[in-house]
Amino acid sequence: TERTRQLEAVVANIDQGVTVVDADARIVIVNDGFMRMYGFPPELHRPGVSVADFIRDRIKRRFWRQGEGDLVGGQGIEDYVQARLTEVRLRPSGLSEEHLDDGRIVELSSSRLPDGSVVNAYRDVTAKRAEQVLLELRTRQLEAVLANIDQGVFVIDAEMRIVMVNDGFLRMLDLPPEIATPG
């Protein structure tokens with residue numbers, strides 16, 4: 001139908017990786033974004049391919065999730081492939097992350113369907129996580145500055161609620177710390 005062709009075009013043209021995997025761990029749908037994200041070869045880019053073939057390709061190329069190489073070495077390749085297939089078959093709906101050995105972080109959103117198949121969306125969140133780490137660092141730095149200056153700092157929001165008060169402010173007005181509770 002026209003609707004099916006439209007949906008296929010959408011999936012094919014989004015940057016995120018998308019897979020639909022059936023209950024037997026075979027690919028129903030896989031898009032270019034997924035293939036690029038993980039560097040999979042073109043011969044795997046078709047319906048009916050077993051997820052096991054994707055796992056074996058990653059092992060062959062030594063394209064690991066963090067710590068995965070040690071697991072493969074400890075279990076043997078086929079035992080590891082079977083363990084990962086079980087993990088794929090049992091994965092519940094929800095969000096998870098893969099930390100890859102190349103430093104990237106891939107967020108995986110999985111939605112299990114009533115027939116046992118699962119729709120997966122993959123998104124590279126490496127830059128987002130780096131921004132979060134930088135923001136946390138800047139926050140700690142500013143908190144350290146505010147805690148160590150003599151000047152009093154008192155911040156309120158538009159509703160006149162306390163957002164932040166430093167020790168200098170409390171000392172300046174000889175106020176007890178409990179008065180400075182945010183909110």
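Please read all numbers here as calculations on a predicted model, not as lab measurements.

Looking at the packing of aromatic side chains
Then, in step 1: For the coordinates displayed, the defined rule picks out eight aromatic pairs.
Then, in step 2: When the centroid spacing of 4.9 Å and the interplanar angle of 15 degrees are considered together, the rings of Phe154 and Phe169 count as stacked. Taken together, the residues span a long stretch of sequence, with Phe154 in strand 6 (residues 154–156) and Phe169 in helix 7 (residues 167–173) at a distance of 15 residues.
Then, in step 3: Here Phe154 falls in the partly exposed class, since its relative accessible area comes to 42%.
Then, in step 4: Each residue in the set Phe34, Tyr38, Phe40, Phe54 and Tyr122 is aromatic and connected to the rest through ring pairs, giving one cluster.

Some remarks on the sheet that holds strand 5 (residues 118–124)
Then, in step 1: Read across the sheet, five strands follow the order 2-1-5-4-3 without closing on themselves; strand pairing throughout is antiparallel. Looking along the sheet, the strands with just one partner apiece sit at the ends: strand 2 (27–30) and strand 3 (94–99). Across the sheet, the mean angle separating the axes of adjacent strands is 20 degrees when strand polarity is ignored.
Then, in step 2: As judged from the six bridges shared by strand 3 and strand 4 (residues 105–112), these two strands associate in the antiparallel manner. Looking across to strand 4, one finds that Leu95 is bridged to Ser109.

Comments concerning unusual backbone geometry
Then, in step 1: Within the chain, Ala25 stands out as a residue other than glycine whose phi angle is a positive 60 degrees.
Then, in step 2: Position of Ala25 among the secondary structure elements: in the loop between strand 1 (17–21) and strand 2.
Then, in step 3: Note on Ala25: relative accessible area 1%, which makes it buried.
Then, in step 4: Unusually for a residue other than glycine, Met160 sits at a positive phi of about 65 degrees.

Side note on the pattern of salt bridges
Then, in step 1: The final tally for this structure, using the stated rule, is twelve salt bridges.
Then, in step 2: Between Glu98 and Arg58 there is a salt bridge, with its nearest N and O atoms 3.9 Å apart. You can see Glu98 sitting in strand 3 and its partner Arg58 sitting in helix 3 (residues 51–60), a full 40 residues away along the chain.
Then, in step 3: Given a relative accessible area of 9%, Arg58 falls into the buried group.

Describing the nonpolar core
Then, in step 1: One finds Phe34, Tyr38, Val51 and Phe54 to be the most contacted residues of the largest nonpolar core, which totals 26 residues.
Then, in step 2: Every element with two or more residues in this core is listed here: strand 2, helix 2 (32–38), helix 3, helix 5 (77–90), strand 4 and strand 5.
Then, in step 3: At five residues, helix 3 tops the list of elements feeding residues into this core.
Then, in step 4: In contact with Tyr38, not counting residues within four places along its chain, are Arg58, Arg61, Phe63, Glu98, Leu100, Val106 and Tyr122.

Scoring rules and cut-offs
- Residues numbered from 1 in each chain as written.
- Predicted model: local features only at pLDDT ≥ 70, side-chain atom pairs only at ≥ 80, totals over all residues.
- Heavy atoms only, no water.
- Phe/Tyr/Trp six-rings, centres within 6.5 Å; stacked < 30°, edge-to-face > 60°.
- Helix = DSSP H or I, 4+ residues; strand = E, 2+ residues; numbered from the N terminus.
- Buried < 20%, exposed > 50% of the residue type's maximum accessible area, 1.4 Å probe, protein only.
- Pairing = 2+ DSSP bridges.
- Axes fitted to C-alpha atoms, helices over the stretch in contact; angles between N-to-C directions.
- Salt bridge = Lys/Arg side-chain N within 4 Å of Asp/Glu carboxyl O.
- Core = buried A, V, L, I, M, F, W, Y, C linked by side-chain atoms within 4.5 Å.
- Contact = heavy atoms within 4.5 Å.

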